[in-house]
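# Summary of structural features
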Amino acid sequence: MKKVLLASACLFALAAPASAADLAARPYTKAPAPVASVYNWTGFYLGIVGGGAWEASSGDPKMQGGFVGGTAGYNWQTGNVVFGIEADGAWADVSASATGAVFVPGVGVVAATASSKTDAMGTVRGRIGWAVNNVLLYGTGGYAWIDNKLSFTALGATISESKFHSGWTVGAGVEAFFAPNWSVKGEYLYRSLGGETYFSGAVPTGTLNFHTVQVGVNYHFGGPVVAKY
């Protein structure tokens, strides 16, 4: 009986390597390639914008101040080229004032203060730029407007009148996605607004020209990120 058991053990020991050799090799599975995020700028967006403005004038005092508001736009992308249209409107406090002496008939020379204040401004512009994945460099230009008020104060009394000025704007900027649907931008605009006549033709103004620098944050609808291998 011992001889039979020994013989069986030897037989299994010799057969084991052969059985292992007959097993199929484990298939090789290639690891998936890393996912690359490709940004597509096409779509509608809304955002907030704010910045500073100062009058482009050789004289003093110059109007200057800040503004904050909202923006809306739409982009179309073909290849690396991005076309778009954008509109913005903002509450503003861009002003200047000057005090001097004026002659009032029957009273004489008195101190008077004249002030000009832009309390709202906006644009409707086209944009065209070059996108490198999540970064867009662009130029822009179009229609610009402001709501401006002139005031005169003398002898404790003040008169004022507001006028709507229309004109044009041109500039450039850079915008970049920092999250799947969120972008931040920085922009310079030169705005030129036509003159208006205040107080029934008594006070005509010349063209009002402004430099503006603004930053904004936009939310892009529709998921602008396309992930691919």
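Residues numbered from 1 in each chain as written. Predicted model: local features only at pLDDT ≥ 70, side-chain atom pairs only at ≥ 80, totals over all residues. Heavy atoms only, no water.

### Some words on the confidence of the model for the protein chain
Our working rule: Confidence scores per residue from the predictor, reported as pLDDT, run from 0 to 100. Each helix is a run of H or I in the DSSP string that is no shorter than four residues. Each strand is a run of E no shorter than two, and both are numbered from the N terminus. Any two residues whose heavy atoms approach within 4.5 Å at even a single point are treated as in contact.
Looking at the protein chain as a whole, its pLDDT mean stands at 85, while 79% of the residues score no less than 70. Least confident of the elements in the protein chain is helix α1 (residues 2-22), whose mean pLDDT is 42; most confident is strand β8 (residues 182-193), at 98. Low confidence marks residues 1-23, where pLDDT is under 50. Its contacts with residues over four positions away, or in another chain, come to 0 contacts.

### With respect to the environment of F164
Just so we agree on the cut-off: Only protein chains enter the accessibility calculation, which uses a 1.4 Å probe. A residue is then buried if its area is under 20% of the maximum for its type, exposed if over 50%, and partly exposed in between.
Tracing the backbone through its elements, the reader meets F164 in strand β7 (residues 157-179). Looking at F164, the relative accessible area reads 45%, which means it is partly exposed. Residues in contact with F164, not counting those within four places in the same chain, are Y143, W145, I146, D147 and E196.

### Observations regarding the packing of aromatic side chains
So the rule is basically this: Each aromatic pair joins two rings of Phe, Tyr and Trp (for Trp, the six-membered one) with centres within 6.5 Å, and gets the label stacked for planes under 30 degrees apart, edge-to-face for over 60, and tilted for any other angle. By definition here, charges over rings are those cases where NZ of Lys or CZ of Arg is within 6 Å of the ring centre and within 35 degrees of the ring normal.
Per the counting criterion, the structure on display carries 10 aromatic pairs. Taking the centre distance of 6.5 Å and the plane angle of 45 degrees together, the rings of Y198 and F199 count as tilted. Just as Y198 is buried, F199 falls in that class too. Through successive ring pairs, a cluster of aromatic residues spans F44, W182, Y219 and F221. Directly above the aromatic system of Y138 lies the positively charged group of R127, at a separation of 4.4 Å from the ring centroid. The residue whose ring lies beneath R191 is F67, and the NZ or CZ to ring-centre distance is 5.7 Å.

### A short note on unusual backbone geometry
Of note, the amide linkage connecting D60 to P61 takes the cis form, showing an omega dihedral of 0 degrees. With respect to the secondary-structure elements, P61 resides in the loop between β2 (43-55) and β3 (64-78). Of note in the backbone geometry, N133 takes a positive phi value of approximately 55 degrees without being a glycine. With respect to the secondary-structure elements, N133 resides in the loop between β5 (108-132) and β6 (135-154).

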